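# Examination of the molecular architecture
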2 protein chains.
Amino acid sequence: MSTATRFSGILAPVVTPFRRDLSPDPERLIDHCRWLLTKKTGLAVFGTNSEGTALSVDEKLALLDSLVDAGIEPGRLMPGTGCCALTDTVTLTRYATELGCGGVLMLPPFYYKNVSDEGLFASYSEVIQRVGSNSLRIYIYHIPPVAQVGVSVDLVERLVRHYPRTVVGIKDSSGDWSNTQALIGRKSDDFRVFAGSEMFLLQTMRAGGAGCISAAANINPAAIHQLYAGWQGATADSLQQGLNEFRLLLQRYPMIPALKAVIARYTRETEWGIVRPPLVELAGDQYQTLIEMLEKRGFSMPGRCD
Amino acid sequence: MSTATRFSGILAPVVTPFRRDLSPDPERLIDHCRWLLTKKTGLAVFGTNSEGTALSVDEKLALLDSLVDAGIEPGRLMPGTGCCALTDTVTLTRYATELGCGGVLMLPPFYYKNVSDEGLFASYSEVIQRVGSNSLRIYIYHIPPVAQVGVSVDLVERLVRHYPRTVVGIKDSSGDWSNTQALIGRKSDDFRVFAGSEMFLLQTMRAGGAGCISAAANINPAAIHQLYAGWQGATADSLQQGLNEFRLLLQRYPMIPALKAVIARYTRETEWGIVRPPLVELAGDQYQTLIEMLEKRGFSMPGRCD
């Protein structure tokens, strides 16, 4: 199996548009994915910022079908498939693999806390064996601030040792640079380490990482990709500085509602603002100050909102 | 709607038996439920100790069907129906309600952390409105040590005010007695407060609570029910003391694997020991010491294991 099939670069955890009745809207999702692809941004659908866990398995399968039927290249898709229920994770992972998705981003089962590495290894192992496909490519999803259940460097090591052609990368959303360093440092293979935020992109690239999978890539993909493409160039530090400023501005707001509010504003499709409970839309004053700050920066979403 | 339809007393979060291939075993579940009913213990299937979140929605619907088809009285069932995905919670809750279940035990959506009361209210509210049944009875499931997302007393108050005939009780597994007291204290209605462990049963009954929903009721239901029935009697404190000793012994082990190991030992059905990843079965030496301690106490499961 060629390592050329592994992901690198920038991916967006694609936000999921809903209709007024809270059902997913495949047409608006397709539009957004097409735009992201024109910005050289891969599609990590059903991630944390996609409200992935707020969707049923059937809703996710239907959305995958819609994307592929619309001509989205499956190799650019890295759907989140890790659920609390072993059987749900298997169903989603198998389907994504059969569709030809370039990989899957897999949370550990996250309901039970303080579970052992042995149990988490058994969980990933069981999924891999049940799916039983040479085409399966798993990117581990390590996001302890949200999932609370993390995947240790030791466990990653053990998984890669047992499944070197299947467990091919990780998204590290720990926010702990020493952990990302340790993950990159362990590679004697072609293991792909993605930062969970573009604020770590330059550090990640300089250390030998593969790129980032970042919320902000939903609205700011070109600037993030510019740093990825130019990380060895003279302007890299100033590009990183610009990304940081943008991110820090965005982080003043709840991330998912903020991303959706921005897309709603610039596409003039107000339904983009809709989130599923337990999330709530941005309050009117939050929306106003966010949009004003973006306009002050000369922000736009070229090609998305003309 | 008569309040006589509300639960009180002792319920077990019924452990879910698996076959070697990790599929749920409805026959062994039916046997265990029938035994629990003979011990006057209600059936909170698909709770935390049931590995409820490790089962897909379809697996849970099929198990509910199996139980009711086997003649288990649906009014004695309080299935866990709260999932991360709004649509999954609606599917399960609607199905359980249509089957005639006495109520449902509903976790809040637990993936996103630090969500607002407003968002959680919207989540419960959306489920209630979509199910849209006068027969629906929700018992809120507050278990912050595991779910990390809790349901505050204020939010309970707001839900009861909006849905007084639907939101009728709570299981408080916070382990924080002051929270349980506040929940019982707020009732000006017939709101049913269940302790999440039998170690709080006597305190709960004396304060005006409804009973408990407790892991240990899977193997020790008669003794727990004895205290429930006799909480006003002279021996209540010593009964509570006995329950505490048993619980503290059990808590030296991972709870779910320990419960299953005990049932496996006393039913002589070794498959009862099987858990789904990320949980792991008791190690051999843990199993030995647990069983020895139980035997030293003269423990048995009368009627279950003869």
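The structure we're discussing is the one just above.
Residues numbered from 1 in each chain as written. Chains lettered and ligands numbered in written order. Predicted model: local features only at pLDDT ≥ 70, side-chain atom pairs only at ≥ 80, totals over all residues. Heavy atoms only, no water.

All right, on to the overall build of chain A then. Summing up its helical and strand segments, chain A has 12 helices and 7 strands in all. Its C-alpha atoms give chain A a radius of gyration of 18 Å, near enough to 19 Å, the size a compact globule of 306 residues would have. If you line up chain A on its principal axes, its C-alpha atoms span 50 × 50 × 35 Å. Counting every position in chain A, which comprises 306 residues, the buried fraction comes to 62%. In chain A, 73% of the contacts between residues at least 6 apart in sequence involve partners at least 24 apart. Carbon together with sulfur atoms contributes 47% to the accessible area of chain A, which is approximately 11,200 Å² in total. (Helix = DSSP H or I, 4+ residues; strand = E, 2+ residues; numbered from the N terminus. Rg over C-alpha atoms; globule rule 2.2 N^0.38 Å. Buried < 20%, exposed > 50% of the residue type's maximum accessible area, 1.4 Å probe, protein only. Contact = heavy atoms within 4.5 Å. Areas by Shrake-Rupley, 256 points an atom, 1.4 Å probe, with all protein chains shown as cover.)

Taken together, the contact pairs 43 residues of chain A with 43 residues of chain B. Regarding the contact of chain A and chain B, the summed buried area is about 3,200 Å², with carbon and sulfur atoms giving 65% of it. Area buried by chain A at its contact with chain B is led by Tyr111(A), Tyr112(A) and Pro278(A), which between them contribute 25% of it. Between chain A and chain B we count 0 salt bridges in total. If you look at where chain A meets chain B, you find 16 residue pairs in polar contact (both at pLDDT 80 or more). Secondary-structure elements contributing two or more residues to the side of chain A that touches chain B are helix H3 (86–99), helix H4 (117–131) and helix H5 (144–147) of chain A. If you tally residues by element for the side of chain A that touches chain B, the top one is H4(A), at 7 residues. (Buried area = accessible area lost by both parts, 1.4 Å probe. Salt bridge = Lys/Arg side-chain N within 4 Å of Asp/Glu carboxyl O. Polar contact = N/O pair within 3.5 Å; in protein donor to acceptor, adjacent residues only side chain to side chain.)

This part is about the relation of the copies chain A and chain B. Relating the two copies of this chain is a rotation about some axis coupled with a shift parallel to it. Structural alignment of chain A on chain B gives an RMSD of 0.0 Å, achieved by rotating through 180° and translating 0.0 Å along the axis. Here the symmetry operator amounts to a two-fold rotation axis. (Least-squares fit on C-alpha atoms with pLDDT ≥ 70 in both.)

Another aspect to go through is the side chain of Thr16(B). Residues and elements named next belong to chain B. Secondary-structure assignment places Thr16 in the loop between strand S1 (9–12) and helix H1 (26–38). Among the polar contacts listed, one links the side chain of Thr16 to the backbone oxygen of Ser50, at a separation of 2.6 Å. In contact with Thr16, other than residues within four places in its own chain, are Pro24, Ser50, Glu51, Leu55, Leu63, Lys260 and Trp272.

Our focus in this paragraph is the pairing of strand S6 (residues 192–195) of chain A. All names here are of chain A. Because side chains alternate across S6, one face comprises the buried residues Arg192 and Phe194, and the other comprises Val193 and Ala195, equally buried. Inspection of the sheet shows strand S5 (residues 167–172) paired to S6 by 4 bridges, in the parallel sense. By the bridge assignment, Ile170 is partnered in S6 with Val193. As paired elements, S6 and strand S7 (residues 211–213) share 2 bridges and run parallel to each other. In the strand pairing of S7, Ala195 is matched with Cys212. Viewed along the sheet, the connection from S6 through helix H8 (residues 201–207) into S7 turns out right-handed. (Pairing = 2+ DSSP bridges. Right-handed = clockwise from strand over helix to strand, strands pointing away.)

On to the sheet that holds strand S2 (residues 41–43) of chain A. Residue and element names in this part refer to chain A. Spatially, the 7 strands line up as an open sheet ordered S2-S1-S7-S6-S5-S4-S3, and their pairing is parallel. At either end of the open sheet lies a strand with only one pairing partner, and these are S2 and strand S3 (104–106). Here the strands of the sheet are splayed against their neighbours by 30° on average, with no regard to which way each runs. Inspection of the sheet shows strand S4 (residues 138–142) paired to S5 by 5 bridges, in the parallel sense. In the sheet register, Tyr141 faces S5, and the bridge partner there is Lys171. (Axes fitted to C-alpha atoms, helices over the stretch in contact; angles between N-to-C directions.)

With that settled, consider the environment of Trp231(A). All names here are of chain A. If you trace the backbone, Trp231 turns up in the loop between helix H9 (221–229) and helix H10 (236–250). A residue is classified by how much of its surface remains accessible, and Trp231, at 22% relative accessible area, is partly exposed. C-alpha separation for the pair Trp231 and Arg206, spaced 25 residues apart in sequence, amounts to 7.8 Å. Those residues in contact with Trp231 that lie beyond four places of it in its chain are Leu202, Met205, Arg206 and Ala236.

Below, the discussion takes up the packing of H9(A) against H10(A). Packed helix pairs are characterised by how far apart their axes lie and by the angle those axes make with each other. Residue and element names in this part refer to chain A. Two elements in contact, H9 and H10, have axes separated by 9 Å at closest approach and are oriented at 155°. Overall, the two elements H9 and H10 adopt an arrangement that is roughly antiparallel. In this structure, H9 crosses over H10, and the sense of that crossing is left-handed. Note on element contacts: H10 touches H9 through Ala236, Leu239, Gln240 and Leu243, opposite Ala223, Ile224, Gln226 and Leu227. (Parallel < 35°, antiparallel > 145°, perpendicular 65-115°, else oblique. Left-handed = near helix turned anticlockwise from the far one by under 90°.)

Turning our eyes to something else, we now look at helix H1 (residues 26–38) of chain A. Because each turn of an α-helix spans 3.6 residues, side chains separated by three or four positions end up pointing in the same direction. All names here are of chain A. Under the 1.5 Å per step criterion, the end-to-end length of H1 is 18 Å for 13 residues, consistent within 8% with the ideal 18 Å. What H1 keeps buried is the set Pro26, Arg28, Leu29, Ile30, His32, Cys33, Trp35 and Leu36. In this fold, the buried residues of H1 make contact with strand S1 (9–12), S2, helix H2 (57–69), H9 and helix H11 (255–267). Put simply, Asp25 is the residue that caps the front of H1, since its side-chain oxygen is 3.0 Å from the backbone nitrogen of Glu27. Lys40 occupies a position one or two residues after H1 and carries a positive phi of about 60°. (Expected span 1.5 Å × (residues − 1).)

Time to look at unusual backbone geometry. Residues and elements named next belong to chain A. Omega for the peptide link from Pro277 to Pro278 comes to 15°, which places this bond in the cis form. At Lys40, a residue that is not glycine, the phi angle is positive and equals roughly 60°. Among the structural elements, Lys40 can be located in the loop between H1 and S2. Positive phi is not limited to glycine here, since Gln148 has a value of about 70°. By the element assignment, Gln148 lies in the loop between H5 and helix H6 (153–162).

Glancing now at the nonpolar core. Ranked by internal contacts, the top residues of the largest apolar core, which has 214 residues, are Tyr111(A) and Tyr111(B). Apart from the residues within four sequence positions on either side, Tyr111(A) is in contact with Cys84(A), Thr48(B), Thr53(B), Leu107(B), Phe110(B), Tyr141(B), Ile143(B), Val146(B) and Ala147(B). (Core = buried A, V, L, I, M, F, W, Y, C linked by side-chain atoms within 4.5 Å.)

Bringing the pattern of salt bridges into the picture now. Applying the stated rule across the entire model yields 24 salt bridges over all chains. What emerges from the salt-bridge pattern is a single network uniting Arg20(A), Asp25(A), Arg28(A) and Glu271(A).

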